[in-house]
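One-letter residues, chain by chain:
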Protein chains: 4
Amino acid sequence: MDRAGEAAAGPGRRRRRDGALRRDAVLDAGLAVFSTLGLHGASLDQIAERAGLSKTNLLYYFASKEALYLAVLQRVLTVWLDPLQALDAGSEPADALKAYIRAKMTLSRDAPQASRLFCLEIVQGAPLLRAELAGPLRALVDAKAAVLGSWIAQGRIGPHDPRHLIFSIWAITQHYADFAVQVEAVTGRDLSDPDFFEATVASTQRLVLAGLGLA
Amino acid sequence: MDRAGEAAAGPGRRRRRDGALRRDAVLDAGLAVFSTLGLHGASLDQIAERAGLSKTNLLYYFASKEALYLAVLQRVLTVWLDPLQALDAGSEPADALKAYIRAKMTLSRDAPQASRLFCLEIVQGAPLLRAELAGPLRALVDAKAAVLGSWIAQGRIGPHDPRHLIFSIWAITQHYADFAVQVEAVTGRDLSDPDFFEATVASTQRLVLAGLGLA
Amino acid sequence: MDRAGEAAAGPGRRRRRDGALRRDAVLDAGLAVFSTLGLHGASLDQIAERAGLSKTNLLYYFASKEALYLAVLQRVLTVWLDPLQALDAGSEPADALKAYIRAKMTLSRDAPQASRLFCLEIVQGAPLLRAELAGPLRALVDAKAAVLGSWIAQGRIGPHDPRHLIFSIWAITQHYADFAVQVEAVTGRDLSDPDFFEATVASTQRLVLAGLGLA
Amino acid sequence: MDRAGEAAAGPGRRRRRDGALRRDAVLDAGLAVFSTLGLHGASLDQIAERAGLSKTNLLYYFASKEALYLAVLQRVLTVWLDPLQALDAGSEPADALKAYIRAKMTLSRDAPQASRLFCLEIVQGAPLLRAELAGPLRALVDAKAAVLGSWIAQGRIGPHDPRHLIFSIWAITQHYADFAVQVEAVTGRDLSDPDFFEATVASTQRLVLAGLGLA
DNA sequence: CATGAATGAGGGTTCATTCAT
DNA sequence: TATGAATGAACCCTCATTCAT
């Protein structure tokens with residue numbers, strides 16, 4: 001019944017849904033290609049082929065290569081800042097930090113391309129993202145640094161500069177996505193291996209918590 | 001005598017030395033441009049101009065764009081692995097680790113472009129460096145992991161997986177070079193500020209040493 | 001009754017009238033854009049936007065870009081040849097020529113875009129208008145040359161080749177539309193200034209009439 | 001001997017001369033194509049083929065299509081303003097005007113493409129030439145209008161506004177280049193026919209001189 | 001009548017690379 | 001060594017046109 005209903009929904013609506021799907025397919029393809037070859041190394045032809053449409057048609061959905069790149073980046077950034085939002089002042093510090101580390105490491109496992117694209121953009125000086133960094137990102141970090149600061153003030157965690165702590169967690173967790181080839185070259189494993197994933201999470205949690213005098 | 005010898009060396013030798021100087025100039029220019037724009041975003045014209053010669057002449061020194069890129073990468077890699085070599089089994093663990101962290105952070109301050117170029121290459125899957133990773137780099141890490149492993153076995157540092165420990169130190173120290181724009185957007189400072197540099201070194205040392213039960 | 005009839009005419013007829021209005025709007029927009037940018041420099045999008053409809057819809061009214069261009073040209077040509085028709089053998093030569101010059105100069109003032117589009121087409125070799133030139137236009141010129149010729153034969157105007165005379169009048173009067181930017185750059189004025197318009201008409205009339213020994 | 005000398009001149013010099021020749025060939029081809037199809041209608045491929053080189057090589061000589069177009073226009077403009085320079089206050093008015101009309105008509109015969117390209121540019125609003133019009137061209141016209149004005153003040157020619165007189169001569173003489181297709185459609189002849197050329201010159205001279213009371 | 005989606009051809013331009021000297 | 005000239009491949013993008021509704 002439902003499927004019949006969908007089939008009868010009329011072309012207009014189906015089309016529109018197809019359009020949104022194709023847009024998403026393009027964003028996915030863009031993420032894959034951009035994160036491997038960079039903005040300049042990627043070609044629209046490549047992305048279009050991967051998304052299953054023609055280059056011209058791709059340009060019907062996104063006005064230009066740079067517009068597509070930006071759209072991909074925006075989508076990445078949204079996902080990227082999400083876990084930190086959850087770091088809550090009301091939680092037990094150890095639990096909150098452990099959860100945050102796990103959440104970030106999970107992202108590194110499940111969305112490594114997003115991590116890499118973000119990394120590429122930042123490493124190259126964030127020509128298109130600088131405003132986002134100085135605006136929303138900084139605001140979020142300031143807010144969470146305040147949370148960590150209050151824990152320190154209450155003596156619940158050691159006196160580690162909150163921003164350096166955040167950077168350290170970011171650095172370590174993202175390292176397993178961004179430097180995955182290196183990790184694999186050295187260890188022969190990556191995060192998709194459940195044992196390795198758990199060992200990495202545990203190791204990072206232990207380092208950070210002990211580093212803060214919580215273990 | 002030496003100086004007279006040099007002065008009288010004739011065009012042949014002087015030329016050769018000039019040539020070596022120009023080669024270095026090209027490598028420097030290549031590092032600067034590649035680290036900002038990536039392999040594909042950089043143009044030989046740009047690099048040549050920065051190095052003060054013509055594009056055609058540049059191609060006399062390096063057979064192709066990719067050859068130049070590789071040469072730049074090789075030079076980077078050499079510098080890159082150097083500090084780890086110094087991690088010596090004979091030292092006191094705390095001292096050795098503190099020194100290593102400081103050395104790496106110093107590199108991030110003094111050679112951020114090298115760090116970024118290395119990062120770019122790895123993030124994109126290390127298409128040209130994979131062999132280096134699986135070969136020399138892995139061997140070096142294995143060797144140093146053995147050192148750390150011996151310290152653990154002797155109970156001189158906590159039971160933290162040696163490779164994860166190395167990754168964590170790399171991740172944190174390189175973060176301040178690779179994500180410098182982000183660090184600056186959030187904190188308003190960077191490693192060239194001596195106070196910030198020392199605070200960052202101290203913070204990282206404390207986290208790692210405490211994380212290993214050494215503080 | 002008529003108005004009621006119109007009001008009650010139903011969608012069919014009203015639609016048709018709307019259609020004619022939109023057609024005209026497209027022709028107007030086409031004239032404006034083509035006369036500024038030429039056939040190849042103009043885009044259907046531009047014309048459609050100016051006419052207030054979508055490109056696809058524009059192509060419902062005109063089968064192709066070239067078809068639209070031709071339609072615009074046709075409309076221009078009709079207006080263009082009109083004043084010459086009025087040159088009547090029965091009139092006094094001086095009056096007839098003065099009236100013709102004024103009529104042409106008025107067109108240059110009121111329909112400069114039409115003049116320019118016609119000019120563009122002719123200058124480029126009239127690829128789409130050659131037939132019109134060799135057919136109706138030549139016939140008209142032949143007819144009017146006969147009129148002028150009869151005046152010469154009667155000694156009522158000087159022995160100036162009729163066709164050259166017509167060309168001269170065309171050239172001068174159209175110059176103030178086609179080369180308006182140049183005229184304005186040199187004099188700071190254009191035909192929309194009533195004083196300048198009258199002075200230009202008078203000047204041209206004087207030159208031509210005196211040139212024919214009529215003053 | 002001369003030819004041998006040239007042949008022995010060495011590659012460097014021959015090359016350079018070839019380069020200048022090719023540049024000229026490109027300018028010629030550009031004039032031919034631009035004057036027929038306009039800036040937007042012309043393609044670099046077309047021009048390159050006509051000039052006997054590849055599109056890419058053409059772009060080695062001229063940085064962009066617009067740069068080439070401008071270079072062509074500049075060359076045209078130089079030739080264009082030349083005859084007017086010769087209009088000298090010291091001459092007999094009738095002789096000077098007759099000579100000027102002949103010179104302009106000769107240009108229309110020998111360089112009709114230049115005339116047409118100039119016309120195209122002006123008709124479209126002179127987007128790239130406006131500065132030239134308001135600067136050098138206006139200055140030249142002002143100077144020559146002063147000459148004509150002095151003749152009027154001395155009663156040597158009739159009281160015809162000098163600028164309108166100049167415009168009229170321009171309009172008529174250029175008409176035979178710019179509207180050549182129309183002239184040919186109507187008369188079956190063009191300026192390359194010596195009889196027609198002389199008749200046209202004479203006719204124009206008579207109209208203008210008589211118009212000024214000089215015949 | 002009207003529209004959103006899709007397409008293919010072509011255009012200008014960049015750029016690494018080669019050639020000839 | 002060094003350079004100016006030349007080339008061909010690839011790329012992004014525009015645009016007239018068609019399709020399907």
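Above this text sits the structure in question.
Keep in mind the model is a prediction, meaning the values are calculated, not measured. (Residues numbered from 1 in each chain as written. Chains lettered and ligands numbered in written order. Predicted model: local features only at pLDDT ≥ 70, side-chain atom pairs only at ≥ 80, totals over all residues. Heavy atoms only, no water.)

*Asks:* I'd like to hear about the pattern of salt bridges, residue by residue, with values.
*Replies:* All told, the structure shown has 32 salt bridges over all chains when counted by the stated rule. Its salt-bridge partner being D142(A), residue R163(A) comes within 3.0 Å of it at the nearest N-O pair. Here R163(A) is found in helix α9 (residues 162-178), whereas its partner D142(A) is found in helix α8 (residues 130-153), with 21 residues between them in sequence. Linking R156(B) and E92(B) is a salt bridge whose minimum nitrogen-to-oxygen distance equals 3.4 Å. With R156(B) in the loop between α8 (130-153) and α9 (162-178) and E92(B) in the loop between α5 (65-85) and α6 (93-110), this residue pair connects regions lying 64 residues apart in the sequence. Assessed through its relative accessible area of 45%, E92(B) is described here as partly exposed. (Salt bridge = Lys/Arg side-chain N within 4 Å of Asp/Glu carboxyl O. Helix = DSSP H or I, 4+ residues; strand = E, 2+ residues; numbered from the N terminus. Buried < 20%, exposed > 50% of the residue type's maximum accessible area, 1.4 Å probe, protein only.)

*Asks:* Tell me about the side chain of E121(C), and name the residues and values.
*Replies:* Residues and elements named next belong to chain C. By the element assignment, E121 lies in helix α7 (residues 112-123). Among buried Asp, Glu, Lys and Arg side chains, E121 stands out as unpaired, with R130 the closest opposite charge at 8.3 Å. Within polar-contact distance, the side chain of E121 engages the side chain of Y69 at 2.7 Å. Setting aside residues no more than four positions away along its own chain, E121 makes contact with Y69, L73, A126, P127, L128 and L129. (Lys, Arg positive; Asp, Glu negative; His and termini not counted. Polar contact = N/O pair within 3.5 Å; in protein donor to acceptor, adjacent residues only side chain to side chain. Contact = heavy atoms within 4.5 Å.)

*Asks:* Run through the packing of helix α7 (residues 112-123) of chain A against α9(A), naming residues and quoting values.
*Replies:* Between two packed helices, the angle of one axis relative to the other and the distance separating the axes together describe the packing. Residues and elements named next belong to chain A. α9 packs onto α7 with a crossing angle of 105 degrees between their chain directions and a minimal axis gap of 8 Å. Viewed along their axes, α7 and α9 adopt a mutual orientation that is roughly perpendicular. Only Q174, A177 and D178 of α9 make contact with α7, whose side of the interface consists of P112, S115, R116 and C119. Of the residues in the contact of α7 with α9, the class split is 3 nonpolar, 2 polar and 2 charged. (Axes fitted to C-alpha atoms, helices over the stretch in contact; angles between N-to-C directions. Parallel < 35°, antiparallel > 145°, perpendicular 65-115°, else oblique. Nonpolar A, V, L, I, M, F, W, Y, C, P; charged D, E, K, R; others polar.)

*Asks:* Can you break down the interface of chain A and chain B residue by residue, with the values?
*Replies:* Residue-level contacts link 51 residues of chain A with 50 residues of chain B. The contact between chain A and chain B buries some 4,500 Å² in all, and 68% of this surface belongs to carbon and sulfur atoms. For the interface between chain A and chain B, the tally reads 0 salt bridges. Scanning the region where chain A abuts chain B turns up 10 residue pairs in polar contact (both at pLDDT 80 or more). At the level of secondary structure, the elements contributing two or more residues to the side of chain A that touches chain B comprise α2 (11-41), α7, α8, α9, α10 (180-187) and α11 (194-211) of chain A. In terms of residues, the side of chain A that touches chain B owes the most to one element, α9(A), which gives 11 residues. Class assignment of the residues belonging to the side of chain A that touches chain B gives a composition of 27 nonpolar, 17 polar and 7 charged. (Buried area = accessible area lost by both parts, 1.4 Å probe.)

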